[in-house]
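Notes for the structure review
Each chain is listed here by its residues.
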Amino acid sequence: MSEILQHREAGVLTLTLNRLDKKNALTAAMYATLADALRDAAADEQVRVVVIQGHEQVFTAGNDLQDFRDNPPNPAATEPAPVHRFLHELTTFPKPLLAAVAGPAVGIGTTLLLHCDLVYAGDNAAFSLPFVNLGLCPEAGSSVLLPALAGYQRAAEKLLLGEAFYADEAHDMGLVNRVVPPHEVNAYTQAQAAKLSAKPLASLRVTKALMKRSQPGLKAVIDEEFAQFGQLLRGPACKEAIDAFMSKRKPDFSQC
Ligand code: COA
């Protein structure tokens, strides 16, 4: 079965992350599918709203670490990496974009939410930005968007320590619109998407575009993060972190 399920109903395209045996960790192929789906949905008059969801026990474990090790995205490549293409489509998506999050939302599982218009979370949601713990740095514009949303100190805590934070704190920070029981999160998000789908699309698009004017220079931020990320991905700390994860041991950064 496909690792990204696509379902269309009444103007709502739902993209479901579906790789549960690996906790919905995202591979290059999955980013490519998501990027294509968002690109097509942006151009398709029949799609008015998009929802990204996972399972009621897991949203996503973030980037697939095996993929990072075997096939690291190269910022200098002539063809943009699938993850970069996904971020481009995500950050420029012109129609309402909703996310339903339950269980772990690691790395890009949290940073992608900064680009969604409405985010609903199960009370089991666990957000984390473990980039430093992986020898990496923030991506998807989170180095700028998270401090703007949550304040510098709170963002620094999340980005430097990389510890999980939970649904109530994410709600308090403004990352999440509402917290609901995990088994209700997908249905609740669909109900909100259905309300939006019934509204005039031109007004939704213009309203979103006007609000997004508050993020000038976002592309340059994402490109700069991506360049740094690509270098760190090839460095010793990242290698040690991924080896440690794969061998189910604690990393040793004493030489990094
Ligand atoms: N990349 C590749 N495989 C992953 C993965 C990832 N990001 N996250 C989980 N998996 C795999 C595990 O290796 C394991 O595979 P196995 O059954 O073949 O051993 C399987 O998914 C289940 O993961 P497990 O760690 O046993 O599940 P858990 O419920 O105990 O913990 C997480 C879930 C998400 C908290 C934990 O898997 C985790 O921390 N993953 C890494 C997250 C990460 O660092 N992502 C990168 C962000 S940039």
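Approximately 860 Å³ is the volume found for the largest pocket. Ala61, Asn63, Leu65, Leu134 and Phe245 are the residues nearest the centre of the largest pocket, which is lined by 33 residues in total. At the level of secondary structure, the elements contributing two or more residues to the lining of the largest pocket comprise helix H2 (65-70), helix H3 (82-92), helix H10 (218-233) and helix H11 (236-246). Here the lining of the largest pocket gets four residues from one element, more than from any other, and that element is H11. Residue composition of the lining of the largest pocket, grouped by class: 21 nonpolar, five polar and seven charged.

With that settled, the discussion passes to the site of the ligand. Around the ligand, the surrounding shell holds 13 residues, and the nearest of these are Lys22, Ala61, Asn63, Leu65 and Lys248. One of the side-chain N or O atoms of Lys23 is found 3.2 Å from an oxygen atom in the ligand. A total of 870 Å² of accessible area belongs to the ligand in isolation, and the protein chains cover 65% of it. Here the ligand is seated within the largest pocket.

The next thing to look at is helix H8 (residues 185-197). Compared with an ideal rise of 1.5 Å per residue, which puts 13 residues at 18 Å, H8 spans 18 Å between its outermost C-alpha atoms and is within 8% of the ideal. Those residues of H8 not exposed but buried are Val185, Thr189, Gln192, Ala193, Leu196 and Ser197. Seen along its axis, H8 keeps its buried residues to an arc of 140 degrees; they face one direction. Exposed residues on H8 whose side chains face more than 90 degrees from its buried face are Ala187 and Lys195.

Of the residues in the protein chain, 100% reach a pLDDT of 70 or more, and the chain-wide mean stands at 97. Here H2 stands out as the least confident element of the protein chain, with mean pLDDT 94; strand S3 (residues 49-53) is the most confident, with 99.

Here we take up the pattern of salt bridges. Under the counting rule described, the total for this entry stands at 15 salt bridges. Close ionic contact of Asp243 with Lys239 constitutes a salt bridge, the shortest N to O distance being 2.9 Å. Note that Asp243 and Lys239 are positioned in helix H11 at a spacing of four residues, about one turn of the helix. Asp243 sits in the buried class, given a relative accessible area of 18%. The class of Lys239 is exposed, set by a relative accessible area of 52%. Here the salt bridges do not stand alone but share partners, grouping Arg154, Glu157, Lys158, Glu169 and Asp172 into one network.

Rules of the game
Residues numbered from 1 in each chain as written. Predicted model: local features only at pLDDT ≥ 70, side-chain atom pairs only at ≥ 80, totals over all residues. Heavy atoms only, no water. 1 Å grid on protein atoms, 1.4 Å probe; cavity = no way out; pocket = protein on both sides within 12 Å on 5 of 7 lines; lining within 4 Å. Points joined across faces, edges and corners; volume = space filled by probe spheres on them. Helix = DSSP H or I, 4+ residues; strand = E, 2+ residues; numbered from the N terminus. Nonpolar A, V, L, I, M, F, W, Y, C, P; charged D, E, K, R; others polar. Near = heavy atom within 4 Å. Polar contact = N/O pair within 3.5 Å; in protein donor to acceptor, adjacent residues only side chain to side chain. Areas by Shrake-Rupley, 256 points an atom, 1.4 Å probe, with all protein chains shown as cover. Sits in = over half its atoms within 2 Å of the grid points. Expected span 1.5 Å × (residues − 1). Buried < 20%, exposed > 50% of the residue type's maximum accessible area, 1.4 Å probe, protein only. Arc of directions from axis to C-beta. pLDDT = per-residue confidence, 0-100. Salt bridge = Lys/Arg side-chain N within 4 Å of Asp/Glu carboxyl O.

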